[in-house]
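Survey of secondary and tertiary structure
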Amino acid sequence: MLRTENLHYSYPKGSALSFADINCAQGEHWLLLGASGSGKTTLLHLLAGLRKPGSGSIHIHNLDITQLTGAALDHFRGQHIGIIFQQSHFVQALSVRENLILAQRFAGLVKDEKKILARLHRLGIADKADKKPFQLSVGEQQRASICRALINGPDVILADEPTSALDDGNCTAVINLLKEQATQDGATLLIVTHDGRLKTNFDHQIKLNKLPI
Ligand code: ADP
Ligand code: MG
């Protein structure tokens, strides 16, 4: 359900990156391992339609998202893709609940506070709904980020280095949480990381190498 072919990306005046093909079935959990600078974040942005590849295709549900632009691409992303960024980018002036309402609005969906509270509850932070993001601990902020990525029921969940700042205990907890939520939602999970601790947690793995074009 998520498939790439011959993806290439070049930053202006920067490195030219080429990526091994990916082919994930619906509901599978994948780990993409790569050293710093190997293009993990770039690839995640391509898969989320936040950057356009120089060449190649990205099929999600048999639709080539590289052919989508503007509102159609934003709409597709809002409906199908949940992203956990390396930095969480919450609006600090708004509460966690309001940030999540914003995520529903951006996806063109109606506000559904019941859904928000239910998901916060599943992630163990329902009592933080009316706190501002900066009032949460790092671990709680990460759960809030996961909540935002999952609130619109995406069928692809993309996570950028979700464990790199965590100790072993929290690392395991976050990975288990992501896998559990993805499984319950039937979503495809793709984690990009340089964190070698995750190697044993995933049956499906790809190693990203920096390949000169
Ligand atoms: P990773 O996430 O694996 O550390 P990135 O995708 O961030 O790798 O970066 C891949 C390569 O692209 C690196 O060589 C990096 O220096 C370069 N790069 C990343 N962002 C930019 C940018 N905005 N402009 C130019 N080069 C960039
Ligand atoms: Mg990165």
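Now for a description of the structure that goes with this document.

Attention now moves to the nonpolar core. Ranked by internal contacts, the top residues of the largest apolar core, which has 34 residues, are L120, I146, L178 and I191. Put simply, the parts of the chain that give this core at least two residues each are β4 (29-34), α3 (96-106), α4 (113-122), α5 (138-150), β8 (156-160), α6 (168-185) and β9 (188-193). Here L120 is in contact with V96, L100, I125, A126, A129 and C147, once residues within four sequence places are set aside. If you look at the next biggest cluster of nonpolar residues, it comprises 29 residues, including C24, V156, L190 and I206.

Now for α3. Residues separated by three or four positions in an α-helix point in the same direction, a consequence of the helix having 3.6 residues per turn. The set of residues buried in α3 consists of V96, R97, N99, L100, I101, A103 and Q104. Check the buried side of α3 and you find it contacts α4 and α5. Phi turns positive, to about 80°, at G108, one or two residues after α3.

The subject of this paragraph is the environment of E140. Along the chain, E140 turns up in helix α5. Given the relative accessible area of 22%, E140 is considered partly exposed. Here the alpha-carbon distance between E140 and T183, two residues 43 residues apart in the chain, equals 21 Å. Apart from residues no more than four positions distant in its own chain, E140 is found in contact with I125 and K128.

The subject of this paragraph is the side chain of D160. Mapped onto the elements, D160 comes out in strand β8. This buried residue, D160, is left without a salt bridge; K40 holds the nearest opposite charge, at 6.6 Å. Polar contacts involving the side chain of D160 include one to the side chain of T41, which spans 2.8 Å. Beyond its immediate stretch of four places on either side in the chain, D160 contacts T41, L44, I84, F85, Q86 and V192.

Moving on: the packing of aromatic side chains. Under the criterion given, the structure shown has one aromatic pair. Considering the side-chain rings of Y9 and Y11, the 4.8 Å spacing of their centres and the 75° angle between planes classify their relative orientation as edge-to-face. Here Y9 falls in the buried class, since its relative accessible area comes to 10%. Between the NZ or CZ atom of R148 and the centre of the ring of F90, over which it lies, the distance is 4.2 Å. One Lys or Arg, K179, reaches over the ring of F202 and ends 4.8 Å from the middle of that ring.

Quick look at the site of ligand 1 now. In the vicinity of ligand 1, twelve residues are found, and the nearest of them are G37, G39, K40, T41 and T42. K40 has a polar side-chain atom sitting 2.8 Å from an oxygen atom of ligand 1. With respect to ligand 1, the side chain of T42 contributes an N or O atom lying 2.5 Å from an oxygen atom. For ligand 1, whose free accessible area comes to 560 Å², the fraction covered by protein is 63%. For the shell around ligand 1, the element with the highest residue contribution is helix α1 (residues 40-47), accounting for three residues.

Calculation notes
Residues numbered from 1 in each chain as written. Chains lettered and ligands numbered in written order. Predicted model: local features only at pLDDT ≥ 70, side-chain atom pairs only at ≥ 80, totals over all residues. Heavy atoms only, no water. Core = buried A, V, L, I, M, F, W, Y, C linked by side-chain atoms within 4.5 Å. Buried < 20%, exposed > 50% of the residue type's maximum accessible area, 1.4 Å probe, protein only. Helix = DSSP H or I, 4+ residues; strand = E, 2+ residues; numbered from the N terminus. Contact = heavy atoms within 4.5 Å. Lys, Arg positive; Asp, Glu negative; His and termini not counted. Salt bridge = Lys/Arg side-chain N within 4 Å of Asp/Glu carboxyl O. Polar contact = N/O pair within 3.5 Å; in protein donor to acceptor, adjacent residues only side chain to side chain. Phe/Tyr/Trp six-rings, centres within 6.5 Å; stacked < 30°, edge-to-face > 60°. Lys NZ or Arg CZ within 6 Å of the ring centre and 35° of its normal. Near = heavy atom within 4 Å. Areas by Shrake-Rupley, 256 points an atom, 1.4 Å probe, with all protein chains shown as cover.

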